[in-house]
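An overview of the molecular structure
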Amino acid sequence: VDIEKLDYHHYLPIFFDGAREQEEPYRFLAVQGVYDMLEKGGSKILSVVPQLIIPLKTALNTRNPVIICTMLKILQALVLSGDMIGEALVPYFRQLLPVLNIFINHNLNIGDK
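In what follows, the accompanying structure is described.

**Brief notes about the pattern of salt bridges**
As enumerated under the stated definition, the model contains two salt bridges in all. For the salt bridge of R20 with D17, the shortest nitrogen-to-oxygen distance reads 3.1 Å. Owing to a relative accessible area of 33%, D17 belongs among the partly exposed residues under this scheme. R27 serves as the salt-bridge partner of E24, at 2.9 Å between the closest nitrogen and oxygen. You can call E24 partly exposed: its relative accessible area is 43%.

**Observations concerning the side chain of S81**
Take S81: it is sitting in the loop between helix 4 (65–80) and helix 5 (85–89). Classification of S81 by relative accessible area gives buried; the value is 18%. When sequence neighbours within four positions are dropped, the list of residues in contact with S81 reads L38 and I45.

**Overview of the nonpolar core**
Core analysis: the biggest nonpolar cluster contains 26 residues, and L12, F16, I45, M71, I74 and L78 have the highest contact counts within it. Elements supplying a minimum of two residues to this core: helix 1 (8–18), helix 2 (26–41), helix 3 (49–60), helix 4, helix 5 and helix 6 (93–102). With residues near it in sequence (within four places) discarded, F16 still touches V34, L52, P55, L56, M71, I74 and L78.

**Digging into the environment of V99**
Tracing the backbone shows V99 in helix 6. Judged by its relative accessible area of 6%, V99 is buried. Spatially, the C-alpha atoms of V99 and R63 are 7.7 Å apart, while their sequence positions differ by 36 residues.

**What to know about unusual backbone geometry**
Residue P25 is bonded to the preceding E24 through a cis peptide linkage, with omega at 0 degrees. One can find P25 in the loop between helix 1 and helix 2. Here the phi dihedral of M84 falls at roughly 70 degrees; this positive angle occurs in a residue that is not glycine. Structurally, the position occupied by M84 is in the loop between helix 4 and helix 5.

How each quantity is defined
Residues numbered from 1 in each chain as written. Predicted model: local features only at pLDDT ≥ 70, side-chain atom pairs only at ≥ 80, totals over all residues. Heavy atoms only, no water. Salt bridge = Lys/Arg side-chain N within 4 Å of Asp/Glu carboxyl O. Buried < 20%, exposed > 50% of the residue type's maximum accessible area, 1.4 Å probe, protein only. Helix = DSSP H or I, 4+ residues; strand = E, 2+ residues; numbered from the N terminus. Contact = heavy atoms within 4.5 Å. Core = buried A, V, L, I, M, F, W, Y, C linked by side-chain atoms within 4.5 Å.

Laid out in structure tokens, this is it:
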């Protein structure tokens, strides 16, 4: 099936929710599905953003560093995938940012300056 013909309101939240899976190949399929849909989605993605908040918040609340890292990369790809998507996320910052505040000082100091 051509990616542009998929129902983004149905499939994109499912792939976002699957991205917190840890078992391969399920994790790979979900993450790759998210990236493929974001790459080809264009203007369809903006209307789906409110449906993506709950899967994003659930994944960040696992507090698993691997899952958080994956979801932050996906979030970055989401913001870059279309116009006004970053602005559409602003009302949801209060839901997404508290979990990231926990990890703000968990950087490993390896001596670089």
